[in-house]
Amino acid sequence: MMILSTQPTPIHAHNAILYLTGLFMYGEEQAGEVSALTFFQDFARGVANFDLCTGSYRMQIVYPDGKEIYFADNAGLMRWYIGPKGFFTSLREAALESQTPDYPAAAQFLYYGAIYGMETVVRDVRRSDPNKYYRLQSGQIEEKEKGLPPLEEINAPKDALAAQMRRLAQSLSGHRNIACTITGGVDSRAILAHMIHNNLHPLLDITGKPTDPDVVIAKKVADRLNSKLLFVSDSPSSTDWIDEAIREADGMTGVCGIYRLYKKALCLRDKGIFLECGGLNGEMYKNSFINQDYPFYGGKPNWKHYLRLKVATYDFPLSICGSQIADAMKDVPRVTLEWLYSHTGRTKASAYLSAGYELLQGRCAAITAMNTRYYVQYAPLMERTVVAPMFRENPYSLEMQAFQREQVSIYCPILKDIETDRGLTCNSDKKIIEQVKSTAYLAKVGLTRIFYRGKTSERIDTCFQEGLSSPQYRAALERCKDLGIIAPSIEKLPAGIADRIFALGTIL
């Protein structure tokens, strides 16, 4: 039985019940029940290979003696929230009896909009680690390593994405209620190319303003394919949208920033969509975690440079901080730098990619957590076997988005000449002639991060003005002042930081 559900679906094994949520594939087995039972048989014999588990899922195994096993996908798309009362699927549920702030985690959240670790902004609640599974018995939780090898040690072929997309298509055979987020970038287009090649013809979706480059390009892609495009505006569409956004943000992401994605999720659900694919994680495939050292890709990692240009890309305005969080905020760059130094590799590029993969896991966790309450969100580019070949690539061969260009040019060439949001194409034959335009774009980004570090760059949706003028935001701001997160005298904040304060003040 093919299982694609946002709610736990029971699967009866010989001496246990497996509760599966999402898309689960084990090795070459068909997704869903067959994969789950095969995995369980291996797990019972002590020979389960977690590295063969792919998809976007959570699993709970319940035994008659009361023992329970919990784990989630290796990419970190779906997580468990582990609190004093056990395992939950949202931070708000896990934190019902404890809202004590974790100030170092809250500092990371304020600075980056994400937390690069398993902590949450609530002291007694943590997220499950994608590299581990958990055994719960008699109220005691024991962590176990999945035994996943380092990414650069995985011997996956260069066509691993094509193989994974074929496997996905075989599992979805006969199902048509699927969607693909399409933006102005090359990553979502590469995934779409494989879906079309495998005879999956998804509903295309996009959110934003009608004039956004992403929306304009998405329309061109849809027209070229004679496909439907679901466009969802970023403007408020209900009187109680703020309270809905607060719930969906779940203390994990900005309140106003999540709203357009929530609107899209509702639209997809109402159309009966049960799976959405997208291009999340394209940075691993286009030198985004390496190109700060271009053209000098040899030598040792320069983690201070990496921190400045890839992680802490602006200078946080420390003057807005309250007394309880001030020291933690000052310490964020140092703590992050120490964490970056823990990443090693055979080459500088592989060390950078190793850190980059974990950065992406932290960034995507909050958004995918919201979406998976409405449909299964799957990001094939986050699969470990798909990422692994990039560790063996010469960094120069990834320039000019070469990987995505190749995928689109081979698997759906009708889309290769539509310009991207960088003014480039996905045509492999145009890499050289488009080099100047690409270099100018990357230089502009780099210079901005060096010389304009006092300015935060956030995507500000239409709903921000109304949301940040609301009584709910004022209450959240006052709550953060009471908790010592924001200084008592502060009234005006940059919109992106204000939105994170909105989230903190409504979960703590």
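Residues numbered from 1 in each chain as written. Predicted model: local features only at pLDDT ≥ 70, side-chain atom pairs only at ≥ 80, totals over all residues. Heavy atoms only, no water.

> Teacher, can you tell me more about the sheet that holds strand β7 (residues 126-127) here?
What holds strands together in a sheet is hydrogen bonding between their backbones, with the strands either parallel or antiparallel. An order of β6-β5-β7 is seen for the 3 strands of this open sheet, with the pairing classed as antiparallel. The outermost strands of the open sheet, each flanked by one partner alone, are β6 (86-88) and β7. Where strand β5 (residues 81-83) meets β6, 3 bridges bridge the pair, whose relative direction is antiparallel. Among the inter-strand pairings, Tyr81 is bridged to a residue of β6, identified as Phe88. (Pairing = 2+ DSSP bridges. Helix = DSSP H or I, 4+ residues; strand = E, 2+ residues; numbered from the N terminus.)

> Please explain the sheet that holds strand β9 (residues 140-145) as it appears in this structure.
Read from one edge of the open sheet, 6 strands run β1-β2-β3-β4-β8-β9, paired in antiparallel fashion. Of all strands in the sheet, those with a lone pairing partner are β1 (9-12) and β9, marking the two edges. Mean inter-strand twist for the sheet, computed between neighbouring axes without regard to direction, equals 30°. Looking at chain direction, strand β2 (residues 17-26) and strand β3 (residues 53-62) are connected through 10 bridges and run antiparallel. Following the sheet pairing, Thr21 is matched in β3 by Arg58. Running at roughly 110° to β2, helix α1 (residues 33-44) makes contact with β1, β2, β3, β4 (68-72) and β8 (132-137) of the sheet. Strands β2 and β3 of the sheet are contacted by helix α4 (residues 160-171), whose axis makes an angle of about 130° with β2. (Axes fitted to C-alpha atoms, helices over the stretch in contact; angles between N-to-C directions. Contact = heavy atoms within 4.5 Å.)

> Just to check I follow, could you spell out the pairing of β8 for this structure?
Remark: a regular strand shows side chains that alternate across the two faces of the sheet. In this structure, β4 lies alongside β8, joined through 3 bridges in antiparallel fashion. Across the sheet, the residue bridging to Tyr70 is Tyr134, located in β8. When β8 meets β9, the two strands line up antiparallel, connected through 6 bridges. What sits directly across from Gln137, in β9, is Gln140.

> Looking at this structure, I do not really get unusual backbone geometry. What am I missing?
As a rule of thumb, non-glycine residues mostly have phi less than zero, and peptide bonds are mostly trans rather than cis. A cis amide bond links Tyr294 to the next residue, Pro295, at an omega of 0°. The residue Pro295 is located in the loop between β13 (275-277) and α9 (303-311) in this model. The backbone of Asn199 shows a phi angle near 65°, a positive value even though the residue is not glycine. By the element assignment, Asn199 lies in the loop between α5 (187-197) and β11 (203-208).

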